[in-house]
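A structural walkthrough
If you want the building blocks of each chain, they are given just below.
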Amino acid sequence: MVNIYRSTVITAPIDTVWQILCDFNAHAEWHPAIATSTIEQQKNPNQIGAVRNFSLTNQQKVREQLLHLCHKHHTYTYTIVDSDIPLFHYVATVTLYPVTDKNHTFWVWQSTFDTPNGQQNTLAETVATTIYEAGFEAVRNLIKTP
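Presented here is an overview of the structure given in this document. The numbering scheme is per chain: residues are counted from 1 as the chain's sequence reads. It should be noted that, the model being predicted, local features are given only for residues of pLDDT at least 70 and side-chain atom pairs only at 80 or more, the latter also being counted only at that level, while totals for whole chains, interfaces and linings use all residues. Think of the side-chain values as coming from all heavy atoms in the structure, minus any hydrogens and water.

The next subject is the nonpolar core. We define the nonpolar core as a collection of buried residues of types Ala, Val, Leu, Ile, Met, Phe, Trp, Tyr and Cys that are connected through side-chain atoms lying within 4.5 Å of one another. Working definition: with a 1.4 Å probe on protein chains only, accessible area under 20% of the residue-type maximum means buried, over 50% means exposed, and in between means partly exposed. Counting residues in hydrophobic clusters, the biggest one holds 41 residues, and the most contacted among them are Leu 21, Tyr 78, Tyr 90, Trp 107 and Trp 109. The way it works is that DSSP assigns letters per residue, a run of H or I at least four long becomes a helix, a run of E at least two long becomes a strand, and they are numbered from the N terminus. Top element by residues in this core is helix α3 (residues 120–144). It accounts for eight residues.

Moving on to α3. End to end, α3 covers 35 Å across 25 residues, agreeing with the expected 36 Å (1.5 Å per residue, within 8%). The seven residues ending at a residue and the seven starting there each receive a fitted axis; the angle between those axes is the bend at that residue. Ala 134 marks the point of greatest bend in α3, at about 30 degrees. Inspection of α3 places Leu 123, Ala 124, Val 127, Ala 128, Tyr 132, Gly 135, Phe 136, Ala 138, Val 139 and Arg 140 among the buried residues, and these make up the whole buried set. Residue contacts are defined here by distance: any two heavy atoms, one from each residue, within 4.5 Å place the two residues in contact. In this structure, the buried residues of α3 make contact with β1 (2–10), α1 (14–21), α2 (27–30), β5 (75–83), β6 (88–99) and β7 (104–114). A helix is expected to span 1.5 Å multiplied by its residue count minus one.

Backbone geometry at His 74 places phi at a positive 50 degrees, although glycine is not the residue there. With respect to the helices and strands, the residue His 74 is situated in the loop between β4 (61–70) and β5. Classification of His 74 by relative accessible area gives buried; the value is 13%. With a phi close to 60 degrees, Asn 103 is a non-glycine residue in the positive phi region. One can find Asn 103 in the loop between β6 and β7. Residue Asn 103 is classed as partly exposed on the basis of its relative accessible area of 48%.

In structure tokens, the structure reads:
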């Protein structure tokens, strides 16, 4: 089992960052790796069980299901239900915490998953950098934009 943990500080209040992240289907609006995304069966994107079906900019397809969402604690958990990328039993959680002395946000993005033998390091690096760290930078840049 691969474990990924990435974190960063965003120099904006937690509510500002949460407004960007809390819509389970809005990642196509801010993440550079996401080309298009739709919620299946016209469900509310923040309804537990909602499935987002998206394409990456490299044309790979991924379907993820929302497992948990808590606006009060600024967190959600999701799982991959189908993917062109060989990530199995993938479960990820996004959590925001207030940095109270500066009115900033501490963002944690973590996941566990299995991969085919021999692909653990490559896929772990892809998830950590191409997804999580690129997402951090994209939100950071979006907040800087007037």
